[in-house]
Amino acid sequence: MQITTKAIVLSSLKYGDTSLIVRAFTESDGLKSYLLKGVFSTGKGKLKPAYFLPLMQLEVVANHRNKGTLESIREVKVAAPYRTLHTDILKNSVVLFLAEMLGSSIHEQEQDQGLFNYLEHALLWLDDNELPSNFHILFLLNLTKYLGFYPDTSMEEAPFFDLQEGGFCETPSLNPLIQSENLINFKNFLGMDFDALQTVQLTKSNRRELLKTVILYFRLHVHGFREPKSLAVLNEVFN
(Lines give C-alpha, C1' and ligand atoms only; values in the text may rest on other atoms or scores of the structure.)
Protein backbone atom coordinates (compact mmCIF):
# COMPACT_ATOMS: atom_id res chain seq x y z
CA MET A 1 0.00 0.00 0.00
CA GLN A 2 1.37 3.43 -0.92
CA ILE A 3 1.25 5.89 1.94
CA THR A 4 2.40 9.44 2.62
CA THR A 5 3.67 9.96 6.15
CA LYS A 6 6.06 11.94 8.28
CA ALA A 7 9.09 9.96 9.44
CA ILE A 8 12.00 10.53 11.85
CA VAL A 9 15.23 8.79 10.86
CA LEU A 10 16.72 6.63 13.62
CA SER A 11 19.62 5.07 11.73
CA SER A 12 21.02 4.41 8.28
CA LEU A 13 23.47 1.73 7.18
CA LYS A 14 25.21 1.46 3.84
CA TYR A 15 24.25 -1.73 2.01
CA GLY A 16 26.52 -2.83 -0.79
CA ASP A 17 28.15 -0.11 -2.86
CA THR A 18 25.14 2.01 -3.73
CA SER A 19 22.25 1.27 -1.36
CA LEU A 20 21.13 2.23 2.14
CA ILE A 21 19.04 0.55 4.82
CA VAL A 22 17.15 3.14 6.86
CA ARG A 23 15.25 2.61 10.09
CA ALA A 24 12.68 5.32 10.78
CA PHE A 25 9.86 6.00 13.19
CA THR A 26 6.85 6.91 11.07
CA GLU A 27 3.77 8.83 12.10
CA SER A 28 1.49 6.37 10.31
CA ASP A 29 2.92 2.96 11.19
CA GLY A 30 5.55 3.24 13.92
CA LEU A 31 8.95 1.68 13.30
CA LYS A 32 9.76 0.86 9.67
CA SER A 33 12.88 -0.32 7.85
CA TYR A 34 13.50 0.68 4.24
CA LEU A 35 15.88 -0.51 1.54
CA LEU A 36 16.87 2.45 -0.62
CA LYS A 37 18.49 1.13 -3.77
CA GLY A 38 21.06 3.16 -5.66
CA VAL A 39 21.14 6.26 -3.43
CA PHE A 40 24.95 6.41 -3.69
CA SER A 41 25.00 6.06 -7.47
CA THR A 42 25.86 9.07 -9.62
CA GLY A 43 22.46 9.22 -11.29
CA LYS A 44 19.82 11.87 -10.71
CA GLY A 45 17.62 9.86 -8.38
CA LYS A 46 15.22 11.60 -6.00
CA LEU A 47 16.63 9.89 -2.90
CA LYS A 48 19.93 11.32 -1.62
CA PRO A 49 21.96 10.12 1.41
CA ALA A 50 21.79 13.61 2.96
CA TYR A 51 18.08 13.14 3.61
CA PHE A 52 18.78 10.27 5.99
CA LEU A 53 21.01 11.81 8.65
CA PRO A 54 20.14 10.82 12.25
CA LEU A 55 16.85 12.28 13.51
CA MET A 56 16.01 14.07 10.25
CA GLN A 57 12.31 14.85 10.04
CA LEU A 58 11.02 13.82 6.63
CA GLU A 59 7.84 13.42 4.67
CA VAL A 60 7.99 10.25 2.61
CA VAL A 61 5.86 8.54 0.01
CA ALA A 62 6.48 4.87 0.78
CA ASN A 63 5.26 1.42 -0.09
CA HIS A 64 4.24 -0.37 3.11
CA ARG A 65 3.56 -4.05 2.50
CA ASN A 66 3.55 -4.79 6.25
CA LYS A 67 4.96 -8.29 5.78
CA GLY A 68 7.97 -7.91 8.06
CA THR A 69 10.32 -7.26 5.15
CA LEU A 70 12.21 -4.15 4.09
CA GLU A 71 9.90 -1.50 2.68
CA SER A 72 10.67 1.02 -0.09
CA ILE A 73 10.49 4.81 -0.40
CA ARG A 74 9.36 6.41 -3.65
CA GLU A 75 9.69 10.10 -2.75
CA VAL A 76 11.12 12.11 0.12
CA LYS A 77 11.30 15.72 1.24
CA VAL A 78 12.39 17.44 4.44
CA ALA A 79 9.38 18.06 6.68
CA ALA A 80 11.19 20.29 9.19
CA PRO A 81 14.50 21.81 8.04
CA TYR A 82 16.99 22.04 10.91
CA ARG A 83 19.16 25.11 11.31
CA THR A 84 21.63 23.80 13.91
CA LEU A 85 21.21 20.11 14.81
CA HIS A 86 23.65 18.76 12.23
CA THR A 87 25.98 21.77 11.99
CA ASP A 88 26.58 22.56 15.67
CA ILE A 89 29.19 20.06 16.91
CA LEU A 90 27.78 19.84 20.44
CA LYS A 91 24.18 19.41 19.28
CA ASN A 92 25.22 16.85 16.69
CA SER A 93 26.90 14.77 19.42
CA VAL A 94 23.63 14.82 21.38
CA VAL A 95 21.68 13.90 18.22
CA LEU A 96 23.89 10.86 17.56
CA PHE A 97 23.50 9.69 21.16
CA LEU A 98 19.72 10.17 21.23
CA ALA A 99 19.33 8.44 17.85
CA GLU A 100 21.12 5.39 19.28
CA MET A 101 18.96 5.43 22.41
CA LEU A 102 15.78 5.69 20.34
CA GLY A 103 16.94 2.95 18.00
CA SER A 104 17.36 0.62 20.98
CA SER A 105 14.13 1.66 22.70
CA ILE A 106 11.46 1.91 20.00
CA HIS A 107 10.17 -1.42 18.73
CA GLU A 108 6.47 -0.81 18.04
CA GLN A 109 5.44 -1.35 14.43
CA GLU A 110 2.18 0.46 14.89
CA GLN A 111 1.05 4.06 15.10
CA ASP A 112 1.93 5.97 18.28
CA GLN A 113 0.87 9.57 17.74
CA GLY A 114 1.84 10.69 21.24
CA LEU A 115 5.40 9.43 20.90
CA PHE A 116 5.77 10.87 17.42
CA ASN A 117 4.51 14.29 18.57
CA TYR A 118 6.93 14.25 21.50
CA LEU A 119 9.96 13.50 19.31
CA GLU A 120 8.91 16.11 16.77
CA HIS A 121 8.49 18.80 19.44
CA ALA A 122 11.66 17.94 21.39
CA LEU A 123 13.90 17.99 18.31
CA LEU A 124 12.49 21.28 17.06
CA TRP A 125 12.94 22.78 20.53
CA LEU A 126 16.60 21.73 20.54
CA ASP A 127 17.11 23.12 17.06
CA ASP A 128 15.63 26.49 18.07
CA ASN A 129 17.44 26.91 21.41
CA GLU A 130 20.95 26.93 22.76
CA LEU A 131 21.95 23.47 23.97
CA PRO A 132 21.30 23.05 27.71
CA SER A 133 23.91 20.70 29.18
CA ASN A 134 21.16 18.50 30.67
CA PHE A 135 18.88 18.30 27.63
CA HIS A 136 19.59 14.62 26.91
CA ILE A 137 18.75 13.60 30.48
CA LEU A 138 15.35 15.30 30.44
CA PHE A 139 14.69 14.02 26.90
CA LEU A 140 15.24 10.42 28.03
CA LEU A 141 13.22 10.72 31.24
CA ASN A 142 10.27 12.28 29.42
CA LEU A 143 10.60 9.61 26.72
CA THR A 144 9.79 6.94 29.32
CA LYS A 145 6.23 8.35 29.51
CA TYR A 146 5.63 7.06 25.99
CA LEU A 147 7.55 3.81 26.48
CA GLY A 148 5.49 2.87 29.53
CA PHE A 149 7.90 3.17 32.48
CA TYR A 150 7.87 6.80 33.62
CA PRO A 151 8.78 6.95 37.32
CA ASP A 152 5.88 6.51 39.75
CA THR A 153 6.05 9.64 41.92
CA SER A 154 3.32 8.71 44.42
CA MET A 155 5.96 8.24 47.18
CA GLU A 156 8.38 10.91 45.97
CA GLU A 157 9.50 11.86 49.49
CA ALA A 158 10.88 8.36 50.14
CA PRO A 159 14.70 8.09 50.40
CA PHE A 160 15.20 5.53 47.61
CA PHE A 161 14.12 4.98 44.00
CA ASP A 162 13.92 1.36 42.90
CA LEU A 163 15.02 1.24 39.26
CA GLN A 164 13.60 -2.22 38.66
CA GLU A 165 10.16 -1.40 40.13
CA GLY A 166 10.11 2.15 38.75
CA GLY A 167 9.00 3.79 41.99
CA PHE A 168 10.18 5.36 45.23
CA CYS A 169 10.49 3.23 48.36
CA GLU A 170 11.11 3.68 52.07
CA THR A 171 13.49 0.75 52.55
CA PRO A 172 16.29 -0.48 50.27
CA SER A 173 15.75 -3.62 48.22
CA LEU A 174 18.19 -5.87 46.38
CA ASN A 175 17.33 -4.08 43.13
CA PRO A 176 19.48 -1.24 41.75
CA LEU A 177 18.62 1.94 43.64
CA ILE A 178 19.00 5.71 43.30
CA GLN A 179 19.79 7.41 46.59
CA SER A 180 21.50 10.35 48.25
CA GLU A 181 22.71 13.18 45.99
CA ASN A 182 21.94 11.26 42.81
CA LEU A 183 18.33 10.89 43.96
CA ILE A 184 18.02 14.65 44.59
CA ASN A 185 19.30 15.35 41.09
CA PHE A 186 16.98 12.71 39.60
CA LYS A 187 13.91 14.20 41.28
CA ASN A 188 14.72 17.67 39.95
CA PHE A 189 13.91 16.49 36.41
CA LEU A 190 10.56 14.85 37.17
CA GLY A 191 7.64 16.82 35.79
CA MET A 192 9.93 19.35 34.09
CA ASP A 193 9.61 20.71 30.55
CA PHE A 194 12.48 21.83 28.34
CA ASP A 195 11.95 25.55 28.98
CA ALA A 196 12.81 25.02 32.66
CA LEU A 197 16.09 23.20 32.03
CA GLN A 198 18.26 26.20 32.89
CA THR A 199 17.05 25.97 36.49
CA VAL A 200 18.92 22.68 37.01
CA GLN A 201 22.64 22.97 37.61
CA LEU A 202 24.75 19.80 37.81
CA THR A 203 28.47 19.29 38.18
CA LYS A 204 30.15 17.28 35.43
CA SER A 205 30.52 14.26 37.70
CA ASN A 206 26.89 14.47 38.88
CA ARG A 207 25.66 14.74 35.29
CA ARG A 208 27.68 11.72 34.25
CA GLU A 209 26.44 9.69 37.24
CA LEU A 210 22.81 10.62 36.61
CA LEU A 211 23.06 9.78 32.91
CA LYS A 212 24.62 6.42 33.80
CA THR A 213 21.64 5.79 36.09
CA VAL A 214 19.08 6.76 33.44
CA ILE A 215 20.72 4.43 30.90
CA LEU A 216 20.58 1.62 33.47
CA TYR A 217 16.87 2.40 33.93
CA PHE A 218 16.36 1.90 30.19
CA ARG A 219 18.39 -1.31 30.20
CA LEU A 220 16.17 -2.73 32.96
CA HIS A 221 12.91 -1.86 31.18
CA VAL A 222 13.62 -2.12 27.44
CA HIS A 223 13.92 -5.61 25.97
CA GLY A 224 17.07 -6.03 23.90
CA PHE A 225 18.49 -2.66 24.92
CA ARG A 226 22.04 -1.99 23.68
CA GLU A 227 24.50 0.33 25.40
CA PRO A 228 24.98 3.35 23.10
CA LYS A 229 28.42 3.44 21.47
CA SER A 230 28.27 7.23 21.29
CA LEU A 231 28.09 7.58 25.09
CA ALA A 232 31.85 8.02 25.42
CA VAL A 233 31.82 10.83 22.88
CA LEU A 234 28.90 12.51 24.64
CA ASN A 235 30.71 12.36 28.00
CA GLU A 236 33.75 14.01 26.40
CA VAL A 237 31.56 16.76 24.95
CA PHE A 238 30.25 17.69 28.39
CA ASN A 239 33.56 17.26 30.19
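Bear in mind the structure is a predicted one, so any value in this text is a computation, not a measurement. (Residues numbered from 1 in each chain as written. Predicted model: local features only at pLDDT ≥ 70, side-chain atom pairs only at ≥ 80, totals over all residues. Heavy atoms only, no water.)

**Quick look at the packing of aromatic side chains**
What the rule picks out here adds up to 15 aromatic pairs. Pairing Y118 with Y146 gives two aromatic rings, centres 5.1 Å apart and planes at 25°, and the pair type is stacked. With Y118 in helix α2 (residues 113-128) and Y146 in helix α3 (residues 135-147), this residue pair connects regions lying 28 residues apart in the sequence. Residue Y118 is classed as buried on the basis of its relative accessible area, which comes to 7%. On the basis of relative accessible area, Y146 is assigned to the partly exposed category, the value being 34%. With a centroid separation of 5.0 Å and 75° between ring planes, the pair formed by F161 and F168 is classed as edge-to-face. (Phe/Tyr/Trp six-rings, centres within 6.5 Å; stacked < 30°, edge-to-face > 60°. Helix = DSSP H or I, 4+ residues; strand = E, 2+ residues; numbered from the N terminus. Buried < 20%, exposed > 50% of the residue type's maximum accessible area, 1.4 Å probe, protein only.)

**Details of the layout of surface pockets**
The calculated volume of the largest pocket comes to roughly 290 Å³. Together, 15 residues line the largest pocket, and L10, S11, A99, E100 and R226 are the ones closest to its centre. The leading source of residues in the lining of the largest pocket is helix α1 (residues 89-105), at 5 residues. The residue inventory of the lining of the largest pocket, partitioned by class, reads 6 nonpolar, 4 polar and 5 charged. Residue assignment places the lining of the largest pocket across two domains, with domain 1 (2-78) and domain 2 (89-238) each supplying three or more. (1 Å grid on protein atoms, 1.4 Å probe; cavity = no way out; pocket = protein on both sides within 12 Å on 5 of 7 lines; lining within 4 Å. Points joined across faces, edges and corners; volume = space filled by probe spheres on them. Nonpolar A, V, L, I, M, F, W, Y, C, P; charged D, E, K, R; others polar. Domains from an automatic or database assignment.)

**Things to note about α1**
For α1, with 17 residues, the first-to-last C-alpha span of 24 Å sits near the 24 Å given by 1.5 Å per residue. α1 sits mainly inside the fold: 12 of its 17 residues count as buried. Summarising the contacts, the buried residues of α1 are in contact with β1 (2-15), β2 (19-26), α2, α3, α5 (204-221) and α6 (231-237). Between the side-chain oxygen at the start of α1 and the backbone nitrogen of L90 there is a gap of 2.9 Å, and the oxygen is on D88. (Expected span 1.5 Å × (residues − 1). Contact = heavy atoms within 4.5 Å. Polar contact = N/O pair within 3.5 Å; in protein donor to acceptor, adjacent residues only side chain to side chain.)

**Regarding the side chain of D127**
Positionally, D127 belongs in helix α2. Look at D127: it is buried, it has no salt bridge, and the nearest opposite charge is R83 at 4.4 Å. Leave out the neighbours within four places in its chain, and D127 touches P81, Y82, R83, T84, L85 and K91. (Lys, Arg positive; Asp, Glu negative; His and termini not counted. Salt bridge = Lys/Arg side-chain N within 4 Å of Asp/Glu carboxyl O.)

**What about the pattern of salt bridges?**
As enumerated under the stated definition, the model contains 5 salt bridges in all. Of the charged contacts in the structure, one is a salt bridge between K32 and E71, with a shortest N-O distance of 3.1 Å. Taken together, the residues K32 in strand β3 (residues 30-36) and E71 in the loop between β4 (57-63) and β5 (72-78) connect sequence positions 39 residues apart. Residue class for K32 comes out buried when judged on its relative accessible area of 9%. A salt bridge links E59 to K77; the nearest nitrogen and oxygen atoms lie 3.7 Å apart. Of this pair, E59 sits in strand β4 while K77 sits in strand β5; the two residues are 18 residues apart in sequence, bridging distant segments of the chain. Here K77 falls in the partly exposed class, since its relative accessible area comes to 47%.

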